[in-house]
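In case you want the letters, here they are:
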Amino acid sequence: MTVPRTSADVDDNADEEAAANNDETAPNDAIIDEIRLPLLAKIYGALCLIVGAVAFPLLIWAIIVAMRSIDMATIPPTLTVILTVAHALLLVSGSAALIVFGVLLLRNRRRYAARWAYVLMPITILQGLSSLALFGLGPGLLLQLLQLALLVVISVTADPLLALERRKQRLLRRVKEQDELASAAKINMVGRDLTGRGYIALDFFNLFWVFVVASVVGLGIETVYHMALYHGELQDRAGLLYGPFSPIYGFGGVLLTVFLNRLWNRNPMLIFLASAVIGGAFEYATSWFMEVAFGVTAWDYTGQWLSIGGRTSGKYMIMWGLLGVVWIRWCLPRLLKLINRIPWQWRYGLTVLCFVLMFINGTMTLMALDCWYSRVSGLEPTSPIEMFFANHYDNAYMQHRFQTMTIDLSLTGRV
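Notes on the structure in this doc start here. The model shown is predicted, which means the values in this text are computed figures rather than measured ones.

**With respect to the pattern of salt bridges**
Applying the stated criterion across every chain, the model contains 3 salt bridges. The closest approach of N and O atoms between E222 and R237, which form a salt bridge, is 2.7 Å. Of this pair, E222 sits in helix α9 (residues 204–229) while R237 sits in the loop between α9 and α10 (247–260), and the two are 15 residues apart along the sequence. The salt bridge involving E291 is made with R311; its shortest N-O contact spans 3.0 Å. Taken as a pair, E291 in helix α11 (residues 268–294) and R311 in the loop between β1 (296–297) and α12 (314–340) lie far apart in primary sequence, 20 residues in all. Taken individually, E291 and R311 each receive the classification buried, so the pair is uniform in this respect.

Listed below in structure tokens is the structure:
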């Protein structure tokens, strides 16, 4: 006797099949942790644990001693004092995070180690920025740059989604027919968010190319906009020593991608409002940091509609909102297709090479700005590095390269 199937039975079966499919594609913690991390990663984890375990109590002790020996009520809340407190808090939080990160690496917890690497990256960047704002370029900054580079390597090595992608690509190379490729991959294209919560996977490779493309496209848009306003005047508005890159648009593109990734198919007005707030806040923070670290003013919107300290305004927040809608709804899918056009066997090597070149470009730009600031301050070049930048990137060169920037020594918060 055949029992008729009800709609509820059909729904239950469909749910079971969907769950089975999700289990097939979702990375399993136990399986991922069975893949052993390289020995160098374990050694690095041990170093992180030792450094964090030593630095954390020493920093706490130093802060307590400083608070007991100084009458906090008599210290004026100057910019330098505020930066010093923020720097100390970043060092403490970074030391605590290093302890957790080191334990996870030693225990081979790949998924959580990758997540903590992504947590440590912004902390390390903020530590470097606060150190740069307080003391300028120095040997301590090199350690933070090295730490950032090692975190990138560890995140790429330990990230389970990247590992899953690599395994799937090895499988796809053995399949010839296009329909079999789609069936085996279970995704539309490499780089999509496998969890379904966003459009693009927020891994190092995707975000790096987002930065590069946004830097170039943003510079092009700003150059054309300036020419339209000033009757065809061509002004060099690049933000790095070499190449057609404007890092404020690069980092802006990364921020919009990270914060709005889950909204890619939502109401455009919601995306517009979120982009306007994020872009305006980022523009304000960037202007503030450039003034505090180098005394540099790159733009001034004083007197414009809804101007906030001259660092951003209502007009440019609207522009950030429009750029965000275009970026999330139109550019991001096409950018992912462009990334997928990079041959698989070249993708990682090409990305690492371009990252190294961009990293060198950014580092030299910061060093050139720091030496420019020192020369304007009246300090004569003494070290070989300062002599190099004085000879190859003197004040005239820097003013010509960064035509929108001016230096005011009274704006900085350096010690």
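**What about the environment of M358?**
Structurally, M358 is set in helix α13 (residues 344–376). For the pair formed by M358 and F245, sequence separation is 113 residues and the distance between their alpha carbons is 9.6 Å.

**Structural notes on the environment of L240**
Mapping L240 onto the fold places it in the loop between α9 and α10. Through-space distance from the C-alpha of L240 to that of L366 is 8.7 Å; in sequence the pair is 126 residues apart. Here L240 is in contact with F245, P247, M358, N361, G362, T365, R401 and F402, once residues within four sequence places are set aside.

**Things to note about α11**
Given a rise of 1.5 Å per residue, 27 residues ought to cover 39 Å, and the 38 Å separating the end C-alpha atoms of α11 matches this to within 8%. One or two steps after α11, the chain reaches G295, where phi turns positive at roughly 70°.

**Overview of the packing of helix α5 (residues 110–135) against helix α6 (residues 139–158)**
Where α5 meets α6, the closest approach of the two axes is 9 Å, and the angle between their N-to-C directions is 160°. By the angle between their directions, the pair α5 and α6 is classed as roughly antiparallel. Our pair here, α5 against α6, has a crossing hand that is left-handed. Looking at the contact of α5 with α6, its residues break down into 12 nonpolar, 8 polar and 2 charged.

**With respect to the environment of L37**
Mapped onto the secondary structure, L37 falls in the loop between α2 (29–34) and α3 (39–69). Residue L37 is classed as buried on the basis of its relative accessible area, which comes to 7%. As a C-alpha pair, L37 and T157 span 120 residues in sequence and 7.7 Å in three-dimensional space. In contact with L37, not counting residues within four places along its chain, are K42, L105, N108, R110, T157 and A158.

**Details of the side chain of T297**
Within the secondary structure, T297 sits in strand β1. The class of T297 is buried, set by a relative accessible area of 18%. A distance of 3.5 Å separates a polar atom in the side chain of T297 from a polar atom in the side chain of E291.

The rules behind these values
- Residue indices begin from 1 for each chain and proceed along its sequence in written order.
- At least 70 in pLDDT is required for a residue's local features to be given in this predicted model, at least 80 for side-chain atom pairs to be given and counted, and no such filter applies to totals for whole chains, interfaces and linings, which use all residues.
- Hydrogen atoms and water are omitted, and side-chain values are computed over all heavy atoms in the structure.
- By convention in these notes, a salt bridge is any Lys or Arg side-chain nitrogen within 4 Å of a carboxyl oxygen on Asp or Glu.
- Each helix is a run of DSSP H or I of at least 4 residues and each strand a run of E of at least 2, with the numbering of both proceeding from the N terminus.
- Summary of the burial criterion: residues with accessible area below 20% of their type's maximum are buried, those above 50% are exposed, and those between are partly exposed, where the area comes from a 1.4 Å probe applied to protein chains only.
- It only takes one pair of heavy atoms within 4.5 Å for two residues to be counted as in contact.
- Expected helix span is computed as 1.5 Å times (number of residues minus one).
- Here an axis means a line fitted to C-alpha atoms, over the contact stretch when the element is a helix, while the angle between two N-to-C directions is reported on a 0 to 180 degree scale.
- Between 65 and 115 degrees an angle is taken as roughly perpendicular, under 35 as roughly parallel, over 145 as roughly antiparallel, and anywhere else as oblique.
- The sense of a crossing depends on the near helix, which, turned anticlockwise from the far helix by less than a right angle, makes the crossing left-handed and, turned clockwise, makes it right-handed.
- The classification used treats Ala, Val, Leu, Ile, Met, Phe, Trp, Tyr, Cys and Pro as nonpolar, Asp, Glu, Lys and Arg as charged, and all other residues, Gly among them, as polar.
- Definition of a polar contact: a pair of N or O atoms within 3.5 Å, with one able to donate and the other able to accept a hydrogen when the atoms are protein atoms, and with sequence-neighbouring residues admitted only if both atoms are side-chain atoms.

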